[in-house]
Amino acid sequence: MTRITFSAVLKSAVVALFLVGASAPSFAAQATSEQSMVFDSEPLSIQTAKGVTHKFTVELALTEPQLEFGLMYRKSMPADHGMLFDFGAPRPVMMWMKNTVLPLDMLFLDKSGVITHIQENAVPYSEAIISSNGAVLYVIELNGGIARKLGLAVGDKVTSATISAKLGK
């Protein structure tokens, strides 16, 4: 029979606290580096069916880490800004709002930059899956409510340098 003394329990508790404390700085450093991920940006235009053009500046999510990180942890974003996700090839896309503070409108685009589906006001922090409802090449995330405010709709055409480069223009 092994006897556990108060001293042994206390030593174990101190060692456990030390190990937890020792790992905390690396977690904090990881969170800080993720929160300061760098994205290039470019101008982007959306032309509505009524012929109105809306201009934005979008950050580009092009690499796998950028695609995964997106707009997580952002506390604010100017009304005329957003993020363009380029998935490399058309495919069904599943998005979620985990660790995303801002409500977002998600515009799903085909390979020619035409909006095929819009998810308005995605709920912050939600882990519910938001589907593209078919194969898409791009997703644009804008502040929640912008799509309705500007009258954006399925069929509207999006242009940017990233989209034009894939179209060979």
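Residues numbered from 1 in each chain as written. Predicted model: local features only at pLDDT ≥ 70, side-chain atom pairs only at ≥ 80, totals over all residues. Heavy atoms only, no water.

K.L.:
Please explain the overall build of the protein as it appears in this structure.
P.N.:
Along the backbone of the protein there are four helices and seven strands. Written out in order from the N terminus, the α and β elements of the protein read α-β-β-α-β-β-β-β-α-β-α. Split into buried and exposed, the 169 residues of the protein put 36% on the buried side. In the form shown here, the protein has an accessible surface area of approximately 9,800 Å², with 61% of it arising from carbon and sulfur atoms. (Helix = DSSP H or I, 4+ residues; strand = E, 2+ residues; numbered from the N terminus. Buried < 20%, exposed > 50% of the residue type's maximum accessible area, 1.4 Å probe, protein only. Areas by Shrake-Rupley, 256 points an atom, 1.4 Å probe, with all protein chains shown as cover.)

K.L.:
Help me understand the packing of aromatic side chains in this model?
P.N.:
The description of two aromatic rings rests on the distance between their centres and on the angle between their planes. Counted by the stated rule, this structure contains two aromatic pairs. Seen in terms of ring centroids, Phe-69 and Tyr-73 are 5.7 Å apart; in terms of plane orientation they differ by 35°. Their pairing is tilted. When its relative accessible area of 6% is taken as the criterion, Phe-69 is described as buried. Seen from their ring centres, Phe-85 and Phe-87 are 6.3 Å apart, and the 10° between their planes marks the pair as stacked. Among the residues examined, Phe-85 registers a relative accessible area of 1% and is labelled buried. With a relative accessible area of 15%, Phe-87 lands in the buried category. (Phe/Tyr/Trp six-rings, centres within 6.5 Å; stacked < 30°, edge-to-face > 60°.)

K.L.:
Help me understand the environment of Ala-79 in this model?
P.N.:
With respect to the helices, strands and loops of the structure, Ala-79 is situated in the loop between helix 2 (64-69) and strand 3 (81-95). Between the C-alpha atom of Ala-79 and that of Asn-143, which follows or precedes it by 64 residues, the distance is 6.5 Å. Contact partners of Ala-79, with chain neighbours within four places excluded, come to Phe-56, Asn-143 and Ile-146. (Contact = heavy atoms within 4.5 Å.)

K.L.:
Would you take a moment to explain the sheet that holds strand 2 (residues 53-61) for this structure?
P.N.:
Strand-to-strand pairing in sheets goes through backbone hydrogen bonds, with the strands running parallel or antiparallel. Read across the open sheet, the seven strands follow the order 5-4-6-3-2-1-7; overall the sheet is mixed. Unpaired on one side and paired on the other, strand 5 (115-122) and strand 7 (157-160) mark the two borders of the sheet. Neighbour-to-neighbour, the strand axes of the sheet open up by a mean angle of 30°, direction not taken into account. The pairing of strand 1 (residues 41-47) with strand 7 spans four bridges and is antiparallel. Along strand 7, the bridge assignment pairs Leu-44 with Ser-160. (Pairing = 2+ DSSP bridges. Axes fitted to C-alpha atoms, helices over the stretch in contact; angles between N-to-C directions.)

K.L.:
I keep staring at the pattern of salt bridges and nothing clicks. Help me out?
P.N.:
Working definition: two side chains of opposite charge can pair if their charged atoms are close together. Following the criterion strictly, the structure yields three salt bridges and no others. In this structure, Glu-59 and Arg-74 form a salt bridge, with 2.8 Å as the shortest nitrogen-oxygen distance. Taken as a pair, Glu-59 in strand 2 and Arg-74 in the loop between helix 2 and strand 3 lie far apart in primary sequence, 15 residues in all. Between Lys-166 and Asp-86 there is a salt bridge, with its nearest N and O atoms 2.6 Å apart. Taken together, the residues span a long stretch of sequence, with Lys-166 in helix 4 (residues 161-167) and Asp-86 in strand 3 at a distance of 80 residues. The class of Lys-166 is partly exposed, set by a relative accessible area of 39%. (Salt bridge = Lys/Arg side-chain N within 4 Å of Asp/Glu carboxyl O.)

K.L.:
Would you take a moment to explain the side chain of Asn-143 for this structure?
P.N.:
Its location among the elements puts Asn-143 in strand 6 (residues 130-143). By relative accessible area, Asn-143 is classed as buried at 13%. A polar side-chain atom of Asn-143 sits 3.0 Å from the main-chain carbonyl oxygen of Met-77. Other than its neighbours up to four places away in sequence, Asn-143 contacts Met-77, Pro-78, Ala-79, Leu-102, Pro-103, Leu-104 and Asp-105. (Polar contact = N/O pair within 3.5 Å; in protein donor to acceptor, adjacent residues only side chain to side chain.)

K.L.:
Would you take a moment to explain the side chain of Gln-66 for this structure?
P.N.:
Looking at the element boundaries, Gln-66 is found in helix 2. Here Leu-62 takes part through its backbone nitrogen, which lies 3.0 Å from a polar atom of the side chain of Gln-66. Once residues lying within four places of it in the same chain are set aside, the contact partners of Gln-66 are Met-37, Val-38, Phe-39, Leu-60, Ala-61 and Phe-85.

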